[in-house]
Amino acid sequence: MRKISIFILTALVVSIIGTSCSNKDGVTINIKVKSHEKSMLYLARLDFKQSVILDSVKISEGENSKKFRVTQGVEPTFYTVSVKNGGTITLLAEQKEKITVTFDTQKMLDYTIVGSSSSLKVKALAVSFAKSKQKIEELSKKYIESESKTEKDALNKEFDRIVNEQKAFNLKFIKENPMSKASIMAIYQKYNDNVYLFDSSDDLVTIKTVASAGMALYPESDYTKGMIADVKRIEAAIRNNKMQQMIASAEISIPELEIPNKNGLKIKLSSLKGKVVLLDFWITGNSGSLLDNRELLEIYSKYKGKGFEVYQVALDQNRDEWLSAIESMSLPWISVCEGNPNGSYAALAYNISQIPANFLIGRDQSIIGKNLYGDNLRKVLASVL
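Peer 1: Would you mind going over the side chain of Ser118 in detail, with residue names and values included?
Peer 2: Here Ser118 shows up in helix H1 (residues 117-145). Setting aside residues no more than four positions away along its own chain, Ser118 makes contact with Leu92 and Glu94.

Written as structure tokens, this is what we have:
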């Protein structure tokens, strides 16, 4: 769970990525701004790792009209229009567009856009996220001031609700705009410099989806290369985190299973630690599985008294059919079945793509063999037992 106490939230910063390339075709950006004091107006291009100021101009108190023209290639490009000591407006320009931006320096989020459909999409994201961030800032302040654990817990739950609500909005946006570069902004919005909206391993599929669209449309773009690098970095972090978790738990080095037997009693795979275990996957109606069971009966009879056990997982979706089958066969080993019509967790955890399949697990719960049958299984058991 995210904890509000880690956030020291600052003014709204919507961090996104952009690129641009030289071309005779350009983009025209007309600015109509009402300022309440003399200031500076800046136009910047947002590259993947940096913001590059392209132009700046002085503005006076009152109404101002300014025009910028920038060269741009066929790839849509992110720009920001900002005021010194003020807010920032993000645009996403297509080649040859003539964009008009109208705003008041004291109400920057109320700006209007004409001439750029992609910039309107960006505005929808920016406005939604600004409201979310304002709520988070308010919760953060209450959390810091609170001395009640009950109240802090309630604030944390409210925090999660707001973040999840914003994430759902962005996911819907990405689904509706899968090939738009605006989806990159949906991925990279953040609450502060360290905490992004999409910040967990569960978000990797979404990030890959947006990166794949970039690969299809703009394979040489700095955006695309940057997102692919981020995907690899996140994957490496996930692998490292899983490894650390395994080292920390150290109780079982393989995926744990806890599946009910014929009496409904859940049997843990880890409860067999210290024995050599054949983790066997089968389906009662599969002829190959039935033949393997016949041979396994003889092997089990020979080695069960020497520290050998079978943990057999049926992938049948109907438990009644499975119960009938094992009763008729009088299987002597541990037989379990999830009976899940939506699919087997055990098969997913062990990446089972065909039946029959098995894993031979050593006394220390490490895998020492895979898909061993008949004489091959006998040889390995004779060696390890």
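That was the structure; now back to the text.
Peer 1: Before we move on, can you summarise the sheet that holds strand S2 (residues 39-46) with the specific residues and values?
Peer 2: With antiparallel pairing, the four strands of this open sheet are ordered in space as S3-S2-S5-S6. A strand with exactly one partner marks an edge of an open sheet, and here the two such strands are strand S3 (51-59) and strand S6 (88-93). Going from strand to strand, the sheet's axes swing by 20° on average, the running direction of each strand aside. In the sheet, S2 pairs with S3 via eight bridges, with the strands oriented antiparallel. Following the sheet pairing, Ser39 is matched in S3 by Ile59. Against the sheet, H1 makes contact with strand S5 (77-83) and S6, and its axis sits at roughly 140° relative to S6, the strand it touches most.

Peer 1: Tell me about the packing of aromatic side chains, residues and numbers included.
Peer 2: Taken as a whole and assessed by the stated rule, the structure comprises eight aromatic pairs. Ring centres of Phe281 and Phe359 lie 6.4 Å apart, and the angle between their planes is 85°; on these two criteria the pair is classed as edge-to-face. One end of the pair, Phe281, is in strand S11 (residues 276-282); the other, Phe359, is in strand S14 (residues 357-361), and 78 residues separate them in sequence. Comparing Phe281 with Phe359, the two get one shared label, buried. Taken together through their ring pairs, the aromatic side chains of Phe281, Tyr350 and Phe359 make up a single cluster. Across the ring face of Tyr143, the terminal group of Lys152 is positioned such that the distance to the ring centre comes to 4.0 Å.

Peer 1: Let's hear about the environment of Glu258: which residues, and what values?
Peer 2: If you trace the backbone, Glu258 turns up in strand S9 (residues 258-260). Here Glu258 falls in the partly exposed class, since its relative accessible area comes to 44%. For Glu258 and Val336, which are 78 residues apart along the polypeptide, the C-alpha to C-alpha distance reads 9.0 Å. Contact partners of Glu258, with chain neighbours within four places excluded, come to Lys266, Ile267, Lys268 and Tyr311.

Each value, and the rule that gives it
- Residues numbered from 1 in each chain as written.
- Predicted model: local features only at pLDDT ≥ 70, side-chain atom pairs only at ≥ 80, totals over all residues.
- Heavy atoms only, no water.
- Helix = DSSP H or I, 4+ residues; strand = E, 2+ residues; numbered from the N terminus.
- Contact = heavy atoms within 4.5 Å.
- Pairing = 2+ DSSP bridges.
- Axes fitted to C-alpha atoms, helices over the stretch in contact; angles between N-to-C directions.
- Phe/Tyr/Trp six-rings, centres within 6.5 Å; stacked < 30°, edge-to-face > 60°.
- Buried < 20%, exposed > 50% of the residue type's maximum accessible area, 1.4 Å probe, protein only.
- Lys NZ or Arg CZ within 6 Å of the ring centre and 35° of its normal.

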